[in-house]
Amino acid sequence: MKNSILDLSSEKLTEYLAAAGEPAFRSKQIFESIYAQNKTSFDDFSTLPKKIRSRLDQDFSLRTLKKIDEIVSPVDNTRKFLWQLGDGYKIESVVIYEKPRITFCISSQVGCALDCKFCATGKMGILRNLTPGEIVEQVLQMQDLIDAKVTNVVFMGMGEPMLNYESVIRAAEILSHPRGFGLGARRITISTSGIIPGIKRFTEEKQPFSLAISLNSTEDEIREKIMPISRKYPIEELLEAARIYSENMRRIITFEYVLIDKINSSIANAKQLVQLTHRIPCKINVIPCNSTDPEYSPPSRETVREFENYVNNRSRRITLRKRKGWEIQAACGQLYAENEKKKRKNKNITEQDNLIR
Ligand code: SF4
């Protein structure tokens, strides 16, 4: 299989061209053709001589993701895509419309090792990391398909971004490169379930991208139950890493808090959330749970409202994120799971047909 040209940073592309005896300015032309003009074939890189186009075609692939399913919400137009990778694995990405924003929620791994109990991807286990090119291509293809400019990218799809750190950062760099895709670094959010070494590295490297932490509980016992990774990274240490990030980077951090009925949505929980986060410059996104598992259902509207009001009256930094795409199961891993179910069903029908014949 050929390497994807989308894996290459501008510098690596310049090195490749130098080795091929081509001048550095060709790198700028290639980057523009790929990211500014979103060309899907090397043949269409019209600013390049034919010889270089053929050479690129011989050495690289330009598209490796094949769209195999798509669902559009009739309620809010949320669009969810299922892609097949070059080796047959599948990943998901979502387009969320929240005027004036168009946000792409993208995957960083095939599956996930962390097994958060409210998440369908966690049930898959980890299959492999995505390459930078596979991450970037989700953005390029979705932008083409919706025919509108993305305003924000969040790494909140399948996988834990901090466990595929190098590829995620490389992809974010390509997406924010002024000659590349040109998205502002602050508009790209890396969201982690709380991998402390990743947060520390992100801080030490002074990464310009935004950071979000999926907190989901303020009590270790409950957090360990719904997010087993917390056994390794307790809340106090996690919040300290978040505080240091905010202080050193002079940036506001986002805490994501998935509200689950009877698990983390009481007023006592809201009170703890305010107490634990009050010294950290942050905003808090509260998202009613979007799980298909009845054990992890969203609280009533009234409970959500009370939780939100409690936090807002004391800190005024909470945002209630609506359950976008609820009716199309837009939470991560659900379209994949549905597709696998359909595949198994079709296989059973074929096997039964064969037996009858
Ligand atoms: S919520 Fe994120 S970190 Fe947790 S299992 Fe799902 S994909 Fe992995």
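All figures in this text were calculated on a predicted structure; none of them were measured in a lab.

(A) How the structure looks around the packing of aromatic side chains. Taken as a whole, this structure holds six aromatic pairs when the rule is applied. Where Phe202 meets Tyr245, the ring centres are 6.0 Å apart and the plane angle is 35 degrees; that geometry is what we call tilted. Pair noted here: Phe202 is in helix 6 (residues 196–204) and Tyr245 is in helix 8 (residues 235–249), with a separation of 43 residues, a long-range link. Taken individually, Phe202 and Tyr245 each receive the classification buried, so the pair is uniform in this respect. Sitting over the face of the ring of Phe181, Lys149 holds its NZ or CZ atom 4.5 Å from the ring centroid.

(B) Inspection of the site of the ligand at higher detail. The immediate surroundings of the ligand are formed by 10 residues, with Cys112, Cys116, Cys119, Gly122 and Gly159 found nearest. Across the shell around the ligand, the residue classes tally to five nonpolar, four polar and one charged.

(C) Just the nonpolar core, in detail. Grouped together as the largest cluster of nonpolar side chains are 88 residues, with contacts concentrated most on Ile5, Leu56, Phe104 and Phe255. Mapping this core onto the domain boundaries places at least three of its residues in each of domain 1 (3–61) and domain 2 (66–342). Look past the residues within four positions of Ile5 in its chain and what remains in contact with it is Leu13, Ile30, Ile34, Phe42, Leu56, Phe60, Ser61 and Leu62. Of all hydrophobic cores here, the second largest spans 11 residues; its members include Cys116, Cys119, Ile222 and Cys289.

(D) Highlighting the pairing of strand 3 (residues 66–72). In the sheet, strand 3 pairs with strand 4 (residues 79–84) via six bridges, with the strands oriented antiparallel. Opposite Lys66, over in strand 4, you have Gln84 as the bridge partner. With antiparallel pairing between neighbouring strands as the criterion, strand 3 and strand 4 make up a hairpin whose turn holds six residues, including Asn77 at a positive phi of roughly 70 degrees.

(E) Structural detail: helix 2 (residues 25–36). Compared with the 16 Å implied by 1.5 Å per residue over 12 residues, the 16 Å span of helix 2 between its first and last C-alpha is a close match. The set of residues buried in helix 2 consists of Arg26, Ser27, Gln29, Ile30, Phe31, Ser33, Ile34 and Tyr35. Elements that come into contact with the buried residues of helix 2 comprise helix 1 (10–19), helix 3 (50–59), helix 4 (132–146) and helix 5 (165–176). Asn38 occupies a position one or two residues after helix 2 and carries a positive phi of about 50 degrees.

(F) Inspection of the domain arrangement of the protein at higher detail. Domain assignment breaks the protein into domain 1 (3–61) and domain 2 (66–342). Between the C-alpha centres of domain 1 and domain 2 there is a distance of 33 Å. Residue-level contacts link 15 residues of domain 1 with 15 residues of domain 2. Both faces considered, domain 1 and domain 2 share a buried interface measuring about 1,200 Å² in area, 58% of it formed by carbon and sulfur atoms. Counting the surface domain 1 buries against domain 2, the share from its top three residues, Leu6, Asp7 and Tyr35, is 47%. Our count for the domain 1 to domain 2 interface comes out at zero salt bridges. Looking at the side of domain 1 that touches domain 2 element by element, the count peaks at seven residues for helix 2. Classifying every residue of the side of domain 1 that touches domain 2 gives six nonpolar, six polar and three charged.

(G) Molecular detail of the environment of Leu56. Note that Leu56 resides in helix 3. Expressed as a C-alpha distance, the spacing of Leu56 and Met227, which sit 171 residues apart in the sequence, is 44 Å. In contact with Leu56, other than residues within four places in its own chain, are Ile5, Tyr16, Ile30, Phe42, Phe45 and Leu48.

(H) Focus on the pairing of strand 9 (residues 152–155). With burial as the criterion, each face of strand 9 is covered, one bearing Asn152 and Val154 and the other bearing Val153 and Phe155. Looking at chain direction, strand 6 (residues 101–105) and strand 9 are connected through three bridges and run parallel. Within strand 9, the position partnered with Cys105 by the bridge is Val154. Taken together, the three bridges between strand 9 and strand 10 (residues 188–192) define a ladder with parallel strand orientation. Bridging across to strand 10, Val154 finds its partner in Thr189. In this region the chain leaves strand 9, passes through helix 5 and returns to the parallel neighbour strand 10; the handedness of that crossover is right-handed.

(I) Structural view of the side chain of Asn152. Summarising the element assignment, Asn152 is placed in strand 9. Only 2.7 Å separates the side chain of Asn152 from the side chain of Thr151, close enough to count as a polar contact. Not counting residues up to four positions away in its chain, the partners in contact with Asn152 are Arg101, Ile102, Thr103, Phe104 and Arg187.

What counts, and where the lines are drawn
Residues numbered from 1 in each chain as written. Predicted model: local features only at pLDDT ≥ 70, side-chain atom pairs only at ≥ 80, totals over all residues. Heavy atoms only, no water. Phe/Tyr/Trp six-rings, centres within 6.5 Å; stacked < 30°, edge-to-face > 60°. Helix = DSSP H or I, 4+ residues; strand = E, 2+ residues; numbered from the N terminus. Buried < 20%, exposed > 50% of the residue type's maximum accessible area, 1.4 Å probe, protein only. Lys NZ or Arg CZ within 6 Å of the ring centre and 35° of its normal. Near = heavy atom within 4 Å. Nonpolar A, V, L, I, M, F, W, Y, C, P; charged D, E, K, R; others polar. Core = buried A, V, L, I, M, F, W, Y, C linked by side-chain atoms within 4.5 Å. Domains from an automatic or database assignment. Contact = heavy atoms within 4.5 Å. Pairing = 2+ DSSP bridges. Expected span 1.5 Å × (residues − 1). Buried area = accessible area lost by both parts, 1.4 Å probe. Salt bridge = Lys/Arg side-chain N within 4 Å of Asp/Glu carboxyl O. Right-handed = clockwise from strand over helix to strand, strands pointing away. Polar contact = N/O pair within 3.5 Å; in protein donor to acceptor, adjacent residues only side chain to side chain.

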